[in-house]
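# Observations on the three-dimensional arrangement
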Amino acid sequence: DESRKWVLMVTAQTPTNIAVIKYWGKRDEKLILPVNDSISVTLDPAHLCTTTTVSVSPTFDQDRMWLNGEEISISGGRFQSCLREIRSRATDVDDKEKGIKITKKDWENLHVHISSYNNFPTAAGLASSAAGFACLVFALGKLMNVKEDYSQLSAIARQGSGSACRSLYGGFVKWIMGKDEKGTDSLAVQVADEKHWDELVIVIAVVSSRQKETSSTTGMRDTVETSLLLQHRAKEIVPKRILKMEEAIKNRDFASFAQLTCTDSNQFHADLCFRIISLVEKWNKAEGTPQVAYTFDAGPNAVLIARNRKTAALLVQKLLFCFPPNSDADLNSFVLGDKSI
Ligand code: 2P0
């Protein structure tokens, strides 16, 4: 059937973004609603970016996706949410040049093929999911002639990966956490465009390109479940920091910008710190009475105080189990204090 022999394609390129006031913790896991606002800077698309081609043809019999040339499953909730949300907003397409007409109704039965490439290591903490979902949603939106503005598209990209909502804009971007249970107001807005502060240069030192062995999703879940610190951060600290950061960006005040960025990062730089905190807090909670106290000085080294020798032995066992030597999560060494076992 000749009338079915057409393919319509859209290619888009989206840079990743780096948070300077960070998103960490969800209040709704399914809709991906955060516990605080965040602010990021979007990188130059020439360097760290995802390039995605989406295509549609009546000959495609299912939605499929390839990432860096290998087919991946898109049956997961996040992909399905993005596809569903974009599809439901599809409008008529009339490509006169190619002589292709697709009606709003047609989109319900048409399938897409998606091919995506990252020009940087996937899932190594360089926000590949941010660029990836932003690009996917943007490209699908173009293909399906979706009329929503960038902020509305960002609320869809958010359902793929939280940080993705911030990659719809260039420059400095704020993800507003929103209040609505359904997440309609949890979206990205531009704080300043890419020309506003163009002396800034971002240099990324890639220390390891291996995959993270704890995903952000899991890490956040652990922190939300166990950390009182996180609630304090989200409610008391971040709101003030966001206001100050917006001021610093508007005034191109590098001293404030740097101070706020570094302070916010110091609460997070060591994923391992949070995992140790999380291990201790879970354990203490399970026992009903504290077994171990933790304290951190300026650096990421955990000082753990066990209530007695038996607990200390258990603690070392747990640490060795959770952070096996010679693995990615190797703690390097344990220094036992004065009262060592
Ligand atoms: C951020 N990160 O604001 C923070 C800082 C990492 C540290 O957003 O579960 O991949 O997909 O919403 O967006 C990375 O987490 O997590 C992230 P999901 P995401 O950039």
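Residues numbered from 1 in each chain as written. Predicted model: local features only at pLDDT ≥ 70, side-chain atom pairs only at ≥ 80, totals over all residues.

If you look the protein chain up in an unreviewed UniProt entry, it shows as Diphosphomevalonate decarboxylase from Malus domestica. Database annotation for the protein chain, UniProt heading Catalytic activity (unreviewed entry): "(R)-5-diphosphomevalonate + ATP = isopentenyl diphosphate + ADP + phosphate + CO2". You can read under Function (unreviewed entry) in the UniProt record for the protein chain the words "Performs the first committed step in the biosynthesis of isoprene-containing compounds such as sterols and terpenoids." (UniProt positions renumbered as here; feature names shortened; annotations may be inferred.)

Turning next to the pairing of strand 5 (residues 38-42). Counting buried residues along strand 5, five of its five residues qualify, which places the element largely inside the surrounding structure. Both faces of strand 5 are covered, namely the face carrying S38, S40 and T42 and the face carrying I39 and V41. In terms of strand pairing, strand 2 (residues 17-21) meets strand 5 through four bridges, oriented antiparallel. What sits directly across from I18, in strand 5, is V41. The sheet contact formed by strand 5 and strand 12 (residues 172-176) spans four bridges and is antiparallel. Directly across from S38, in strand 12, lies its bridge partner W175. (Buried ≥ 20, exposed ≤ 12 C-beta atoms within 10 Å, placed from the backbone. Helix = DSSP H or I, 4+ residues; strand = E, 2+ residues; numbered from the N terminus. Pairing = 2+ DSSP bridges.)

Before going further, it helps to examine the packing of helix 5 (residues 228-250) against helix 6 (residues 254-266). The interhelical angle for the contact between helix 5 and helix 6, taken along N-to-C directions, is 145°, at an axis separation of 9 Å. Judged by the sense of rotation from one axis to the other, the crossing of helix 5 with helix 6 is left-handed. In this structure, helix 5 uses R241, K244, M245, A248 and I249 to contact helix 6, whose residues at the interface are S256, F257, L260 and D264. Taken together, the residues that form the contact of helix 5 with helix 6 break down as five nonpolar, one polar and three charged. (Axes fitted to C-alpha atoms, helices over the stretch in contact; angles between N-to-C directions. Left-handed = near helix turned anticlockwise from the far one by under 90°. Contact = placed C-beta atoms within 7 Å. Nonpolar A, V, L, I, M, F, W, Y, C, P; charged D, E, K, R; others polar.)

The assigned domain composition of the protein chain is domain 1 (2-192) and domain 2 (271-322). Put simply, the middle of domain 1 and the middle of domain 2, counted by C-alpha atoms, are 40 Å apart. (Domains from an automatic or database assignment.)

Here five strands make up an open sheet; going across it, the order is 1-6-11-7-8 and the pairing mixed. Looking at which strands have only one partner, the edges of the open sheet turn out to be strand 1 (8-15) and strand 8 (70-72). With strand direction ignored, the average angle separating the axes of adjacent strands in the sheet is 25°. The pairing of strand 7 (residues 64-67) with strand 8 spans three bridges and is classified as antiparallel.

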